[in-house]
Amino acid sequence: MTRLSLKIVGAQGQGVNSVGEMCAKGLKRSGYCVFGYREYMSLIKGGHSSYQLDVSADAVRSSATLVDIVVTFNHHGLEQNLRDLKKGGILLHQTPQWKFKNPADQAFIADQKIHVIELPTEAILKKLKAKPILGNVLIAAAVWSLLGQKEEQLVELVREQFGHKKDLLELNLQCIAEGFAACRVIAPGMTLSLPRPDPRWQDHLLLTGSQAMGLGIIHAGCRFYAGYPMTPSSPILTYIADMQNETQMVVKQAEDEITAAQMMVGAMHMGTRAITATSGGGFDLMTETLSLTGITETPAVFILAQRPGPGTALPTWTAQGDLTLAVGAGHGEFARLVLAASDTQDAFDLMPEAFNYAEEFQIPVIVLTDKHLGEALFTQPSFDQGIAKLRRGKLITGPQELASLKSTDRYDPAVVDGVSKRWLPGSEAATYCAQGDEHGPDGSVTEDAQNARQQMEKRLKKMEALQQAIPEPIYVGPKNPETLIVSWGSNRGVILDVLENADMQQKNIGYLHYQYLWPLKTESFAMLSRTAKCTIFIECNHGGQLASLLKLACGRDVTQRILKFDGRPFFFDELRDGILSALQS
Amino acid sequence: MKKPAPATGSTMHDYASSNPCTWCDGCGDYGIWTAAKRALVELKIAPWQVLLCYDVGCHGNMSDKLGGYRMHGLHGRVIPLAAGAALANPTIPVIAFGGDGASFSEGVGHLVHGIRSNYRMTFVMHNNANYGLTTGQASALTWQNQPMNSSPNGIPESTLNSMDFVFSLQPTFVARGWSGDIPQMSKILEAAIRHRGFAYVDMLQACPTYNKFATHEWLLAHCYDAASEGHDPKDFAKARALAVDTQQRVATGILYQTEDVPAFHEHLKARQGVSTTPVEEVKIVDTSRWLKRFA
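From a predicted model like this one, the values you see are computed outputs, not experimental measurements.

Chemist: Just give me the short version of the overall build of chain A, but keep the residues and values in it.
Modeler: Counting secondary structure elements, chain A contains 22 helices and 21 strands. What you see for chain A is a C-alpha radius of gyration of 27 Å, in line with the 25 Å of a compact globule of 585 residues. Along the first, second and third principal axes, the C-alpha atoms of chain A reach 85 × 60 × 40 Å. Here chain A holds 585 residues, and 55% of them are scored as buried.

Chemist: Could you give me a rundown of the confidence of the model for chain B, with the residues and numbers involved?
Modeler: Looking at chain B, the pLDDT average stands at 96 and 97% of residues meet or exceed 70. The ipTM, which scores confidence in the relative placement of chains, is 0.97 for this predicted complex, and the corresponding pTM is 0.97.

Chemist: So what about the sheet that holds strand β16 (residues 474-476) of chain A? Which residues, and what values?
Modeler: Either a parallel or an antiparallel arrangement is found when strands of a sheet pair, and the pairing is made through backbone hydrogen bonds. All names here are of chain A. A sheet is described by the order of its strands in space; here five strands give the open sequence β16-β18-β17-β20-β21, paired in mixed fashion. What marks the edges here is a single partner per strand, and that holds for β16 and β21 (560-563). Adjacent strand axes in the sheet meet at a mean angle of 20 degrees, parallel and antiparallel pairs treated alike. When strand β17 (residues 483-488) meets strand β20 (residues 534-539), the two strands line up parallel, connected through five bridges. What sits directly across from T483, in β20, is C534. Docked against the sheet, helix α18 (residues 492-499) engages β17, β18 (509-514) and β20, running at close to 165 degrees with respect to β18.

Chemist: An account of the sheet that holds strand β7 (residues 223-225) of chain B is requested, with residue identities and associated values reported.
Modeler: Reading across from one edge, β15(A)-β2(B)-β1(B)-β3(B)-β4(B)-β6(B)-β5(B)-β8(B)-β7(B) is the order of the nine strands in this open sheet, with mixed pairing throughout. On the outer flanks of this sheet lie β15 (433-435) of chain A together with β7 of chain B, each paired with one strand and no other. Pairwise comparison of adjacent strand axes, ignoring direction, gives a mean angle of 20 degrees for this sheet. Where helix α8 (residues 236-244) of chain B meets the sheet, its contacts fall on β5 (173-178) and β8 (250-257) of chain B, and the angle it forms with β8(B) comes to roughly 155 degrees.

Chemist: Explain the packing of helix α6 (residues 151-162) of chain A against helix α7 (residues 166-186) of chain A to me, and be specific about the residues and the numbers.
Modeler: Residue and element names in this part refer to chain A. At a minimum axis distance of 10 Å, the contact between α6 and α7 shows a crossing angle of 160 degrees. Judged by the angle between their axes, α6 and α7 are roughly antiparallel. When the axes of α6 and α7 are compared, the crossing they make is right-handed. Only L168, L169, N172, L173, I176 and F180 of α7 make contact with α6, whose side of the interface consists of E151, L154, V155, V158, R159 and F162. Each residue belonging to the contact of α6 with α7 can be placed in one class, and the counts come to nine nonpolar, one polar and two charged.

Chemist: I'd like a rundown of the packing of helix α1 (residues 16-29) of chain A against α6(A), residues and numbers included.
Modeler: Each pair of packed helices gets described by two things: the angle between the helix axes and the distance between those axes. Residue and element names in this part refer to chain A. Following both chains from N to C, one finds α1 and α6 inclined at 120 degrees, their axes separated by 10 Å at the closest point. One finds that α1 runs oblique with respect to α6. For the crossing formed where α1 meets α6, the hand is right-handed. Taking contact as the criterion, the partners of M22, K25, G26 and R29 in α1 are, on α6, Q153, L154 and L157.

Definitions and limits used
Residues numbered from 1 in each chain as written. Chains lettered and ligands numbered in written order. Predicted model: local features only at pLDDT ≥ 70, side-chain atom pairs only at ≥ 80, totals over all residues. Helix = DSSP H or I, 4+ residues; strand = E, 2+ residues; numbered from the N terminus. Rg over C-alpha atoms; globule rule 2.2 N^0.38 Å. Buried ≥ 20, exposed ≤ 12 C-beta atoms within 10 Å, placed from the backbone. pLDDT = per-residue confidence, 0-100. Pairing = 2+ DSSP bridges. Axes fitted to C-alpha atoms, helices over the stretch in contact; angles between N-to-C directions. Contact = placed C-beta atoms within 7 Å. Parallel < 35°, antiparallel > 145°, perpendicular 65-115°, else oblique. Left-handed = near helix turned anticlockwise from the far one by under 90°. Nonpolar A, V, L, I, M, F, W, Y, C, P; charged D, E, K, R; others polar.

This is the structure:
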């Protein structure tokens, strides 16, 4: 796979994201697969943020450490991002009369044959009498020119965005023309060669994991969203809220996470599909509610969007440190399902499943995502609308069946799989209490020992049935791999990119990817790791949390762990080198 | 969307439970329990047509002592639980019950936003001015300097003026009853259940075991029906003054009510013109029409 990488840097609020998104869209439409990766700080204006695009004619789902072009909005990028460039790379800036004063920088530029190019943005905008915001279009045009792309494609994009505002459109088009003209002067004949485009990417979608998850929530028939803002779950709230007039969903920004969780549970009890999303700290606040759903057997769906902890830690960065939190959160013992989305496909597909399992087993379901998946930009085939089915388990709605119900059917401990009948307030039937205290079959409070035992056994029996119902982890690779890689969540993209590389293809490596994490499926892992010479766990946490859970479940210790816990996802070359060195040791 | 309940002719018997009550002799919960059932019967609401939500506390032990769909959740959290249910199906009356401990300490934020948001629900605040089920600790509404379990010298803080607090939140319905007057409590609850938005009902209740200050006898001597003295519940300022001033006498009945403020769900622009409830709308939704914008 040949990839070209491009990084746009600047202060937050300067337009880094809009240039990144415009270039991404244009490149995808030209027939390239694009992967967009954002880094930003926990502040609104200022700071230093970046938007990196990795572009290829083949599938690309990760970022490289070094890039071919750095585009910087301000002089900080000149100093801080110079060393992000590959040999022969281009540094495009707009700081007039900039000189590198540091001798080490000068030597680096000379050794690495870096092209430092200044775009006279200020002068051009002054000439056009255009506002500073139009500098974004100018920069995009310069990038477009350096990538050897056609001016008309950019014109078409801008027309789409500003077509309804004639004056603004005219200025935008002038900026594009000026950007191209400037490049002919400042970077004559300098274009980076992109591989031949592949038209299959043109009809793909370009969207973030949060948008895909939002679409998955809507697709699942969820009609009520209650949330409280917290990065990196907020983009899901934003997307669902922005869509409410079209979806006619009830959207509530609650006064805190406890409220959001309680509202979701109340709405689920009433019988709609409802959801809440938060990050680690907010999820901590929700855990008492999580435990309540364990005993009331109310279906519930929580999205836990991970970022580094403990405490506030790194609010705008990524991590996979909350797997054991999801598995163990809430007091007492109760059945639950934990799953993790790894890319936009998963984010869409897993949401209907999360609701289906929640209703079929009358349990809380926790869907893990993280900042990397939530905010990265993926090139994604259009979502198939025909796969998901509505499964609501033992929900009784027919008048005849309702009429025959007894209050004691609600928590009947005699049911084989632990899942008893459920019916909704407003159904003409015998009533019951969804009881948070230990209770008998109709929800009446009882502290009787035998009953306590029966009800606990009833509730936890669901775990066995659930274990049978959920799929095994996804395996790709040879039948008897010499090396087995095990991972989960948003690492999937970078792992697949590394493994699909030609030099890795000959190494007899298999990859086992967990979507369903709890209850833990161990069959495939036990079989594959038994014969593999080396098993490598790849996780973005300090402890190797999945590795530890599998060790507990299988008693099998793993030989290698490649772990990262600095808030950044694995980069392509970094992971490739990590796997290669693990194979040598 | 508030469908009138069909005249099913429910009786007190339909709301009866075979579980024996576990409250102390003379507990005010007996009166509130009876009034709640009576109000539902008077409104011709059958047990299957209502959702009763309970906080954790002595009052929460009502959850399995009557009919109706019920939910018994966490301490301090009954308001958002009930609000979520009410938003999911605005055609089902939702009544939440909680105590003064839960409502003015653990879950006070929920009370603030429940009133402010004006969800269509009734909130019955069992006010015995202490934490009963945990054996008589002081709540924010316990009288200052009153020795209680775990505060033998009395609590240093001044008593929270709950009515002043509630009125500061621009409520749309405020009533006060007391556990010795079942007919009045029933009438209050009937009006509260019919109310357009969030109905706040303060039920002063005797707690013979732990509350030795506002006893049944004290309440009997101090409570009076404000309507009998010509109080107009449309007058916000007078209602507030009447509710707050409990030095000599305690005004009861519907103190303030306006039906002019739309409930939370009525305000939702996204739901204008929608005739179904979110409960009825659960189905797999084709999202193709929204995908073009990502192309």
